[in-house]
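# Structural description and commentary
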Amino acid sequence: MSATKVITRFPPSPTGFMHIGRARTALFNYIFSKQNKGEMVFRFEDTDTERSKKEFQTDIIESLQWLGISYDTGPFWQSQRTDIYKKYLLKMIDTGFAYVSKEDPTEADKIEGRTRTEVIRFKNPNKIITFTDLIRGEITFDTTDLKDFIIARSVNEPLYHLAVVVDDFEMGTTHIIRGEDGISNTPRQILIQEAIGATRPMYAHLPLILAKDKSKLSGRHGAVSVKEYREKGYLPEALINYLALLGWNPGTEQEIFSLDELIREFKIERINKSGAIFNEEKLQWVNKEYIKKIPLAEQTKLLTQWAPKLDSLDVNTLVKLTPLVFERISTLGEISQMEKDGDFSYLQSTPSYTFDALLWKGKATPEETAGYLSKIIEILCLISEKTFDKNTVKEAIWTYVESVGRGQVLWPMRYALSGLEKSPDPFILTELLGKKETLNRLNYARDILIKK
Ligand code: GLU
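Residues numbered from 1 in each chain as written. Predicted model: local features only at pLDDT ≥ 70, side-chain atom pairs only at ≥ 80, totals over all residues. Heavy atoms only, no water.

### Quick word on the site of the ligand
Surrounding the ligand, one finds R9, P11, P12, S13, R22, E45, Y160 and R178. Between S13 and the ligand, the recorded distance is 2.8 Å, taken from a side-chain N or O atom to a nitrogen atom. Within the side chain of R178, an N or O atom sits 2.8 Å from an oxygen atom of the ligand. Out of a free accessible area of 300 Å², the ligand has 78% covered by protein chains. (Near = heavy atom within 4 Å. Polar contact = N/O pair within 3.5 Å; in protein donor to acceptor, adjacent residues only side chain to side chain. Areas by Shrake-Rupley, 256 points an atom, 1.4 Å probe, with all protein chains shown as cover.)

### Describing helix α2 (residues 54-67)
With 14 residues, α2 should reach 20 Å at 1.5 Å per residue; the first-to-last C-alpha distance of 20 Å fits that figure. Listed as buried for α2 are F56, Q57, D59, I60, S63, L64, W66 and L67. Those residues of α2 that are buried lie in contact with β1 (7-10), α1 (20-35), β2 (39-44), β3 (73-77), α7 (226-231) and α8 (236-244). Count one or two residues on from α2 and you reach G68, which has phi positive near 85 degrees. (Helix = DSSP H or I, 4+ residues; strand = E, 2+ residues; numbered from the N terminus. Expected span 1.5 Å × (residues − 1). Buried < 20%, exposed > 50% of the residue type's maximum accessible area, 1.4 Å probe, protein only. Contact = heavy atoms within 4.5 Å.)

### Concerning the environment of K53
Position of K53 among the secondary structure elements: in the loop between β2 and α2. Residues K53 and G16 lie 37 residues apart in sequence; the distance between their C-alpha atoms is 7.9 Å.

### Observations concerning the sheet that holds strand β8 (residues 150-154)
Strand order in the open sheet formed by four strands is β4-β5-β8-β9, with antiparallel pairing between adjacent strands. Two strands in the sheet have a free side with no partner beyond their single neighbour: β4 (98-102) and β9 (157-158). Relative to β8, helix α3 (residues 82-94) is tilted by about 115 degrees, and along the sheet it contacts β4, β5 (118-122), β8 and β9. (Pairing = 2+ DSSP bridges. Axes fitted to C-alpha atoms, helices over the stretch in contact; angles between N-to-C directions.)

### A short note on the packing of aromatic side chains
All told, the structure shown has 20 aromatic pairs when counted by the stated rule. Between Y88 and F169 the ring centres are 6.5 Å apart and the planes differ by 80 degrees, which places this aromatic pair in the edge-to-face class. Residue Y88 is found in helix α3, and its partner F169 is found in helix α5 (residues 160-170); the two are separated by 81 residues along the sequence. What makes Y88 buried here is its relative accessible area of 13%. Taking the relative accessible area as the measure of exposure, F169 reaches 33% and is therefore partly exposed. Both rings, one in F122 and one in F149, keep their centres 5.2 Å apart while their planes meet at 25 degrees; by these two values the pair is stacked. Placement of the pair is F122 in strand β5 and F149 in the loop between β7 (137-142) and β8, with a sequence separation of 27 residues. Note on accessibility: F122 and F149 belong to one class, buried. Here the aromatic cluster, defined as three or more aromatic residues joined through ring pairs, consists of F10, F42, F44, Y71 and W77. Directly above the aromatic system of F149 lies the positively charged group of R188, at a separation of 5.6 Å from the ring centroid. (Phe/Tyr/Trp six-rings, centres within 6.5 Å; stacked < 30°, edge-to-face > 60°. Lys NZ or Arg CZ within 6 Å of the ring centre and 35° of its normal.)

### Comments concerning a nonpolar patch on the surface
On the surface, L296, V315 and V319 cluster together to form a nonpolar patch covering roughly 240 Å² of accessible area. Among the secondary structure elements, V315 is positioned in helix α12 (residues 315-326). The exposed category is assigned to V315, whose relative accessible area is 60%. (Patch = residues over 30% accessible without salt bridge, like charges linked within 9 Å, V, L, I, M, F, W, Y side chains within 5 Å. Salt bridge = Lys/Arg side-chain N within 4 Å of Asp/Glu carboxyl O.)

Here it is, written out as structure tokens:
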């Protein structure tokens, strides 16, 4: 007998944005299918027409694309498969596995203005069902408690469990990897499988994703959608890497995994049963690891993408600025924040300030400070434009700086160049600004000290 091809599925209900939990489910299904040379099916479970929205579908598709998670078949839409479900429903009624039940409208029916008096119920054989979960081992349920549950409102209006089971059967699903909240759905779905003669897939229920306070992660804990992380400037590779670690670990010290490595190393049996805590600081750390690895030219491009005003700078300055910025950030969004905070202002226009900002701890006098700056100007004038960089500048002025006192000299120098309380060190600033602009700004500062 030939081995059955592994087929996993990613079946989101398009009733919300692609959130972290859903992205992890998609990822694990993707990895599992890839490592078994199988396929992943993608379908929208949109039987709930009220809550299913086009914008959520678009968001889910875009998020998958951005994350680099591809599927082999689909997307399918359950809303377009009514005839298929109808065929199964009619057969189930015919064979006695389901029956049309006359009943009074429920409260919900009344509220929604439905006057129906019939639904289709599953004829529950009331039995004990045991299934093996690849993560949790054997799980047993007594289905008696489920009573004769409703599987469709009419043959043209299938409900969720029926549609899932029919789809998984028709699409050849061999492995159902989904969130822990799917466990309680499993006995109903197994009963329906048995009724339609479907083989039972393997199950793996992933641990819940918890917030730091150990409650289920939700919107009130902050960002939960893939879109939000994308907008904050996380890289897809980093998010993938971090999601893989939510509930799974390789059993080694390794924490950074490319998607290819994950496909090689991931073992479904190594997924934990207990909830996985989502820790954004850890995600930031992972993101920083990936950001560091981006080649300089690419980083420079990202710099101007995330701080568009920097686009007016010349390429040389941008290339020098890039590593300074990248060593400070964990997410690309921080670049935009730096721009908003005016951290790059000194590169775009000459700083304006009053003379007292130049005085070291407010203690050095204007005359003394003007004297320090005059000396620095004098020394810097001697450096040729070609060799004017942070190392030559530092070397040239260091003896003088040490002889007077670092704060006394470096503070006014740095302030004159940046006009900011916090900025890169003065040597870096001289390199970024170049000889001419450096001298202009130092002269300006000295002049306002003298004129004061
Ligand atoms: N449609 C369900 C959801 O979006 C998933 C169902 C399943 O995996 O069986 O949560």
